[in-house]
Number of protein chains: 2
Amino acid sequence: MAQGIIRLQAKICAWATAVGKKESEGPLGSCFDLKDPTDQFGQKTWEAAESEMQRRTLALAIQRRELKAEEIDFLFAGDLLNQCVASAYGLLEYPIPYCGIYGACSTSAEGLLLAGIAVSGGMANWASVVTSSHNSAAERQYRTPLEYGAQRSPTAQWTVTGAGAFLVGKEREEGVSISRGMVGIPRDSGVKDTANMGGAMAIAAADTLKRFFDASGASPADYDRIISGDLGYEGGSILCDLMKSEGIDIQEQYSDCGQLIFDRERQDVHSGGSGCGCAAVTLGGYLLPRLWDGIEKKILFLPTGALMSPDSIKQGRTIPAVAHLVELESRTPRENE
Amino acid sequence: MAQGIIRLQAKICAWATAVGKKESEGPLGSCFDLKDPTDQFGQKTWEAAESEMQRRTLALAIQRRELKAEEIDFLFAGDLLNQCVASAYGLLEYPIPYCGIYGACSTSAEGLLLAGIAVSGGMANWASVVTSSHNSAAERQYRTPLEYGAQRSPTAQWTVTGAGAFLVGKEREEGVSISRGMVGIPRDSGVKDTANMGGAMAIAAADTLKRFFDASGASPADYDRIISGDLGYEGGSILCDLMKSEGIDIQEQYSDCGQLIFDRERQDVHSGGSGCGCAAVTLGGYLLPRLWDGIEKKILFLPTGALMSPDSIKQGRTIPAVAHLVELESRTPRENE
């Protein structure tokens, strides 16, 4: 049961990623499918560009699996824009039953869990998951328009311009297994500093990870990698400390999508990458291909989301956060073992 | 499969509603559980008041079913505020795995479908659904602060101040059956007038309803009531016309939560009620008790959501909309038949 572990029988069978200029110049640059050095993807606004990334990645994922959109039973999608409009407009051309989701930067994991539940429960043959973020759209909505040239604090993270689309199918399909999952319980960090999202979200990541290890009896050594979504350097270090204080040392297996996607020295992103797109494109561009090829056999994918709004912060509220966990296993576990 | 009909084995076993002053003075006023003539629910801001309505309704629903929060496996929640903060803050005290959803005013139906899927698929014993809207919070976010006294156009609707919480359990529990469902496919209305949301959403309602009748072979006469969420007078009349043009006459069974909740003459709401809370409190306050008591045996509940944002409208986009359908059956169908 979901208070504990959700057992799933589903596979991620196809995916696609799109990124902007900065992401394409980072350490994972060669891993991504679609890139636009203008960040505009042929659109007039940053918001429309974000939508266009969603549209194109889903088209590519569907094409790769040689499906028709009509064969897909669910579309779980969401993003950071007010009222999740990147998804609403970006996916409007697809004739697929649509469930909007909001998990902030944890959206990719929330979508994969819901897709896994729909497929495992027999309500879908195919379910799709799409999410995105766009640096220029996020900055002007959450902070200030880029033109203001506001100075960033050391704990600030850089919202990734990117989108990822994933097709989840039944266990009999070829793909990377979604074998287990755990839906996060929101935690109040007490943090009010929106320039320290990693710090605000670490407590939620620790909570979900601890609950998962307690309920499963698994230990960090059972995994090739435990990877958070966008805790960045600040939050990632807090997560490792929090887990250690619980007697669980994850240091050896731990990494973070927000740390992997940018070069800390060369790209000046302060505490790392963030945004719904950060975990999504790192999963699609880097982690899933490694699982597909058997380079890694079993990972815990743990995206986190900060659930505040600019208005709630102005009203003096703290930042609540949530972290959803997805256990992913190589498509060919038997051969590799 | 979801492109068609989703068959569910789940029941709505408990629920609770909260409303503000205007709703408590309307035709359904006596049906609601919690009322506050100040619309503030003891809070300092309208946004916090909306959160508090969510918190209290879920507490009451859990208490009515004599459950503990820890026994609930999922919490599906969402609202109209940017980043869905009414839900994020309102439900933070509950130790329940949390999936944020965004379906605008269709959120109650999206939540019930996902809860039904989780329960029917064996991933949950209990799943909860909470949603809300608050007139004063919605007005200042979507349009102008109330203090401006802006004039409203004839097709404008009145955002309901209200929240509804629902507990969905297994088929063996006593409750109102969620027997089938259909997830909506978003449709572009072509409408750009945010003071005519009913007009923008009617096409999505017609699409889902037509798909459901086509796939199920059912006809309007099979239902005591076909009830949309908040199409209001303008959108409701368009829906009936659209269905008639498809050869399906729903006039006799049709009503709309946004038409039922306010007195059109006495309460000056122009085209009726709207908001996530509109369908949720009408379902919880009025429809579910009637289904529980067998006054009505079978209804189609069809909330609609407009998926634009104030920013997307300023950027010249049209209003996309979605409508999710939930088939509800009396808790005691055999005795009544």
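Note that the coordinates shown come from a computational prediction; the quantities given were computed from them, not determined experimentally.

S.K.: Tell me about the relation of the copies chain A and chain B, and please be specific about residues and values.
M.R.: With an RMSD of 0.0 Å, the fit of chain A onto chain B corresponds to turning through 180 degrees and sliding 0.0 Å along the axis. These values place the two chain copies in the arrangement generated by a two-fold rotation axis. Most of the interface of chain A is mirrored in chain B, where 100% of its interface residues are also at the interface.

S.K.: Pulling in residues and values, what's your account of unusual backbone geometry?
M.R.: The residue Gln 83 of chain A is not glycine, and still its phi comes out positive at about 60 degrees. The class of Gln 83 of chain A is buried, set by a relative accessible area of 3%. A positive phi is found at Cys 84 of chain B, a non-glycine position, where the angle reads about 50 degrees. Looking at where Cys 84 of chain B falls in the secondary structure, it is placed in the loop between β3 (74–79) and α3 (85–90).

S.K.: Break down the side chain of Ser 51 of chain A for me, with residues and values.
M.R.: Relative to the helices and strands, Ser 51 of chain A resides in helix α2 (residues 46–64). Beyond its immediate chain neighbours, meaning those up to four positions away, Ser 51 of chain A contacts Val 85, Ala 86, Tyr 89 and Gly 90 of chain A.

S.K.: Go over helix α5 (residues 135–142) of chain A with me, naming the residues and quoting the values.
M.R.: Residues and elements named next belong to chain A. Among the eight residues that make up α5, seven are buried, leaving the element largely enclosed by the rest of the structure. Turning to α5, its buried residues are Asn 135, Ser 136, Ala 137, Ala 138, Glu 139, Gln 141 and Tyr 142. Buried residues along α5 sit in contact with α2, β5 (126–133), β6 (158–159) and α11 (310–314).

S.K.: I'd like a description of the environment of Asp 214 of chain B, backed by residues and values.
M.R.: Along the chain, the position of Asp 214 of chain B falls in helix α6 (residues 197–216). Linking Asp 214 of chain B and Gly 4 of chain B, residues 210 residues apart in sequence, is a C-alpha distance of 9.1 Å.

S.K.: Talk me through the pairing of strand β16 (residues 325–329) of chain A; I want residue IDs and the actual numbers.
M.R.: Residues and elements named next belong to chain A. Burial analysis of β16 places four of its five residues in the buried class, which makes it a mostly covered element. Pairing analysis gives five bridges linking strand β8 (residues 176–182) to β16, with the strands arranged antiparallel. Each bridged residue has a counterpart across the sheet, and for Gly 181 the counterpart in β16 is Val 326. By the bridge criterion, four bridges tie strand β13 (residues 298–302) to β16 in an arrangement that is antiparallel. Residue Lys 298 lies in a different strand from β16, and its bridge partner there is Glu 329.

Cut-off values and rules
Residues numbered from 1 in each chain as written. Chains lettered and ligands numbered in written order. Predicted model: local features only at pLDDT ≥ 70, side-chain atom pairs only at ≥ 80, totals over all residues. Heavy atoms only, no water. Least-squares fit on C-alpha atoms with pLDDT ≥ 70 in both. Contact = heavy atoms within 4.5 Å. Buried < 20%, exposed > 50% of the residue type's maximum accessible area, 1.4 Å probe, protein only. Helix = DSSP H or I, 4+ residues; strand = E, 2+ residues; numbered from the N terminus. Pairing = 2+ DSSP bridges.

Everything listed here is a matter of geometry and, on its own, says nothing about what the molecule does.
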